[in-house]
Amino acid sequence: MEGSTARKKTGYGHHKKADFNGDEITQPRRLNGSSVETPSYQNLHRELLLSHKRGLLLEEKPELTRVLEQRRLDLHKEEEMARRGPSDLETELRKRQQKLEEYEQEEIRQREKQQKIPEFVRVKDNLRRTQVSEQ
């Protein structure tokens with residue numbers, strides 16, 4: 001009908017870019033993000049998915065970036081722990097740690113004290129203990 005000269009349609013004709021010839025085939029416009037993509041894109045996407053499942057993908061971020069992010073996360077966690085304060089478990093563990101350290105220091109003092117005592121006195125004390133235990 002457009003090719004005929006008998007009658008011309010009025011109305012939306014100003015939207016036409018050019019006259020339509022029967023030989024020309026119009027291609028539909030691609031929508032952004034549509035699933036209909038070129039076959040090479042589909043193959044690439046499929047290959048990426050398979051390699052991701054197999055764990056063959058290289059890490060996406062450079063090592064320096066990952067290290068800096070990890071440091072930032074660690075610093076953030078430390079700040080959070082400092083703001084929160086110690087829990088009951090942590091306070092109890094610290095008390096036990098202090099008791100153990102005091103006990104170890106007392107043992108060290110006793111050893112040093114034993115080493116300062118002359119050997120003949122230590123032997124004499126050992127003899128007394130063995131005589132008492134035999135009786």
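Everything numeric here is computed off the predicted structure, so don't read it as measured data. (Residues numbered from 1 in each chain as written. Predicted model: local features only at pLDDT ≥ 70, side-chain atom pairs only at ≥ 80, totals over all residues. Heavy atoms only, no water.)

Participant: In this structure, what is going on with the overall build of the protein chain? I would like to understand it.
Facilitator: Looking only at helices and strands, one finds four helices and zero strands in the protein chain. Seen in sequence order, the protein chain has helices and strands lined up from the N terminus as α-α-α-α. Here the protein chain holds 135 residues, and 1% of them are scored as buried. Accessible surface for the protein chain amounts to roughly 14500 Å². Of this, 53% is attributable to carbon and sulfur atoms. (Helix = DSSP H or I, 4+ residues; strand = E, 2+ residues; numbered from the N terminus. Buried < 20%, exposed > 50% of the residue type's maximum accessible area, 1.4 Å probe, protein only. Areas by Shrake-Rupley, 256 points an atom, 1.4 Å probe, with all protein chains shown as cover.)

Participant: Would you mind showing me how to read the pattern of salt bridges here?
Facilitator: Oppositely charged side chains are able to pair whenever their charged atoms sit close together. The tally for this structure, following the rule as stated, stands at three salt bridges. When the shortest N-O distance is used, the salt bridge between Glu106 and Arg109 registers 2.9 Å. Taken as a pair, Glu106 and Arg109 lie in helix α3 (residues 88-116) at a separation of three residues, close to a single helical turn. On the basis of relative accessibility, which here comes to 47%, the residue Arg109 falls in the partly exposed class. The salt bridge involving Arg111 is made with Glu107; its shortest N-O contact spans 4.0 Å. Of this pair, Arg111 and Glu107 both sit in helix α3, four residues apart, which is roughly one turn of the helix. Exposure remark for Arg111: the relative accessible area of 54% places this residue in the exposed category. (Salt bridge = Lys/Arg side-chain N within 4 Å of Asp/Glu carboxyl O.)

Participant: Help me understand helix α2 (residues 63-84), please; the structure alone is not making it clear to me.
Facilitator: Because each turn of an α-helix spans 3.6 residues, side chains separated by three or four positions end up pointing in the same direction. With 22 residues, α2 should cover 32 Å at 1.5 Å per step; its first-to-last C-alpha distance of 31 Å lies within 8% of that length. Where α2 ends, the next residue or the one after it, Gly85, has phi of about 90 degrees, a positive value. (Expected span 1.5 Å × (residues − 1).)

Participant: I'm lost on the confidence of the model for the protein chain in this one. Help?
Facilitator: Detailed reading of predicted coordinates is not advised where the pLDDT is low. Of the residues in the protein chain, 66% reach a pLDDT of 70 or more, and the chain-wide mean stands at 77. Per-element averaging of pLDDT across the protein chain places helix α1 (residues 39-54) at the bottom with 79 and α3 at the top with 93. (pLDDT = per-residue confidence, 0-100.)

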